[in-house]
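An overview of the molecular structure
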Amino acid sequence: MVRWIMHVDMDAFFAAVEVLDNPALRGLPVIVGGQSLRGVVSTCSYEARRYGVHSAMPMALAHKLCPEGIYLPGRMERYKEVSRQIMSIFHDLSPLVEQLSIDEAFLDVSGMERLYGGPEQAGRLAKRRIKEEVGLTASVGLAPNKFLAKMASDLHKPDGFTVITHEHARAFIAPLPVTKIFGIGAAAQKELLQVGIDCIGQLSVADAGVLRRIFGKNAERVRLLACGLDDRPVTPDSEPKSIGRETTFERDLLDKESCRRHILELSGMVGYRLRRKGYYGHTLTLKVKYTDFRTITRSITSESDISSDEDIYALAVRLLEQVPLQKGVRLLGIAVAGLGSGQPLGLGFEEDAKRQRRSDVTDKLKARFGEQIIFLGAFSLIVIELEAC
Ligand SMILES: [Mg+2]
């Protein structure tokens, strides 16, 4: 059976929701993001893009390029509400939905010919329902696998509809630049260019030794993607209730300072697990078991999405302040609940971007060298050094 994967991505989502709620903004350059001059653009309308504004751009530069822009701080609760509406349409269309972020998802629509008349009809239906029921436009990509579907949805934004068939896949992607393949960044692109490879077609027939040298153990995966092949399944979200870790100490902890040190370590472990599974959370619980086995828990709920080690640590330490410490502590635990999946949401504040970068770096190190690589206070130092490279 031919597999058909649909990738749906909302167009300029945050800005589009602002226009939806305030039609007077239609046709204007709407820019959503951190409002301080040190903030960054989170999303902007296509009108704003004509001025050269794009997401992740420093807000100060956006103001320079587009002084007449409509600058808005963003309303995350409202965006999540609209997102839930869109996701429920997806769940109507297919039992296999994998949400990637607040505004995009993969749907496996294989074998649904009888239901919809074919994959194309399913894609058209998704677009039509989002337009009619939510009032927004989405771009849809249909292809035999995830890699091609995501590429397809990106090709004719906004309001795009692109189908890549199995037969045409290879020819279709051959002329595209190698950076269209997820994981090929500027560094690998440069190395490929040195051996005369700059488009995906050339990459698909590249010498195996060259690929091994540049991509190491990922060489074969890269070659398959370059051939348009990708067998990752659409994995529907099965949501755990919370993600946590606890440690029992060989010797009881007797003061807050040593508790804080262990909380820092636990925060790193919990943060890593959350991010690796693609979750963020809203409620943090600290568990303290004393020498006499009496256990207390304290919880705190945050408005914003918690996923960085720093956020987890800051909240846990705040809870620790409320915990009496007359006896020794034999166990500490941290758990994050109220989970959501996808990219944790920030509204483009510079601090969010920095935290995100730090998390990315520590996660890469942990995935490569094991979790013990970064712990205690050493962590920010290592990360700063890496960022400087
Ligand atoms: Mg989008």
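Description of the structure in this document. (Residues numbered from 1 in each chain as written. Predicted model: local features only at pLDDT ≥ 70, side-chain atom pairs only at ≥ 80, totals over all residues. Heavy atoms only, no water.)

Details of the packing of aromatic side chains
A ring pair, where both rings are aromatic, is described by two values, the distance of the centres and the angle of the planes. Scanning the entire structure with this criterion turns up three aromatic pairs. When the ring of Phe13 is compared with that of Phe14, the centres are 6.0 Å apart and the planes differ by 50°; the resulting orientation is tilted. Residue classification places Phe13 among the buried positions, given a relative accessible area of 3%. What links up through ring pairs into an aromatic cluster is the set Phe13, Phe14 and Tyr79. Above the ring of Tyr290, the side-chain terminus of Lys327 is found at 5.3 Å from the ring centroid. (Phe/Tyr/Trp six-rings, centres within 6.5 Å; stacked < 30°, edge-to-face > 60°. Buried < 20%, exposed > 50% of the residue type's maximum accessible area, 1.4 Å probe, protein only. Lys NZ or Arg CZ within 6 Å of the ring centre and 35° of its normal.)

Focus: the environment of Leu331
Along the polypeptide, Leu331 turns up in strand 12 (residues 329–337). On the accessibility criterion, Leu331 (4% relative accessible area) is buried. Distance from Leu331 to Thr248, taken between C-alpha atoms, is 4.3 Å for residues 83 residues apart in sequence. The contact partners of Leu331, leaving out residues within four places of it in the chain, are Glu246, Thr247, Thr248, Phe249, Lys287, Val288 and Lys289. (Helix = DSSP H or I, 4+ residues; strand = E, 2+ residues; numbered from the N terminus. Contact = heavy atoms within 4.5 Å.)

A short note on the packing of helix 4 (residues 76–93) against helix 6 (residues 119–134)
Here helix 4 crosses helix 6 at 145°, and the two axes come no closer than 10 Å. You can see that helix 4 and helix 6 cross each other, and the crossing is right-handed. Contacts between helix 4 and helix 6 pair Val82, Gln85, Ile86, Ile89, Phe90, Asp92 and Leu93 from the former with Leu125, Ala126, Arg129, Ile130, Glu133 and Val134 from the latter. A class-by-class count of the residues in the contact of helix 4 with helix 6 yields nine nonpolar, one polar and three charged. (Axes fitted to C-alpha atoms, helices over the stretch in contact; angles between N-to-C directions. Left-handed = near helix turned anticlockwise from the far one by under 90°. Nonpolar A, V, L, I, M, F, W, Y, C, P; charged D, E, K, R; others polar.)

Here's the deal with helix 1 (residues 13–21)
At 3.6 residues per turn, the α-helix brings residues three or four places apart onto the same side. Here helix 1 lies mainly inside the structure; seven of its nine residues are buried. The complete set of buried residues in helix 1 reads Phe13, Phe14, Ala15, Ala16, Val17, Glu18 and Val19. On its buried face, helix 1 sits against strand 1 (5–10), strand 2 (30–33), strand 3 (41–44), strand 4 (70–72) and helix 4.

So, helix 7 (residues 146–155)
Of all 10 residues in helix 7, seven are buried, a share of seventy percent or more. Here helix 7 has its buried residues at Lys146, Phe147, Leu148, Ala149, Met151, Ala152 and Ser153. The distance from a side-chain oxygen at the start of helix 7 to the backbone nitrogen of Phe147 is 3.2 Å, and the residue carrying that oxygen is Asn145. (Polar contact = N/O pair within 3.5 Å; in protein donor to acceptor, adjacent residues only side chain to side chain.)

What to know about the nonpolar core
The biggest cluster of nonpolar side chains holds 40 residues, and the ones touching the most others in it are Met6, Phe13, Phe90, Leu107, Ile130 and Leu136. If you list the elements that add at least two residues to this core, you get strand 1, helix 1, strand 2, helix 4, strand 6 (104–108), helix 6 and strand 7 (138–143). Discounting residues that sit within four places of it in the chain, Phe90 has contacts with Val8, Val97, Ala105, Leu107 and Ile130. (Core = buried A, V, L, I, M, F, W, Y, C linked by side-chain atoms within 4.5 Å.)

Focus on the environment of Val270
Summarising the element assignment, Val270 is placed in helix 13 (residues 256–276). Apart from the residues within four sequence positions on either side, Val270 is in contact with Ile243, Gly244, Arg245, Ile312, Ile334 and Val336.

With respect to the sheet that holds strand 4
The strand order 3-2-4 describes an open sheet built from three strands, whose pairing is mixed. Pairing within the sheet leaves two strands with one partner each, and these edge strands are strand 3 and strand 4. Within this sheet the neighbouring strands show an average axis-to-axis angle of 25°, counted without direction. (Pairing = 2+ DSSP bridges.)

Overview of the environment of Ile200
Among the structural elements, Ile200 can be located in helix 10 (residues 200–204). What makes Ile200 buried here is its relative accessible area of 0%. Once the C-alpha coordinates of Ile200 and Ala174 are considered, the two residues, 26 residues apart in sequence, prove to be 4.9 Å apart. Look past the residues within four positions of Ile200 in its chain and what remains in contact with it is Met151, Ile173, Ala174, Leu176, Pro177, Val178, Lys180, Ile181 and Ala226.

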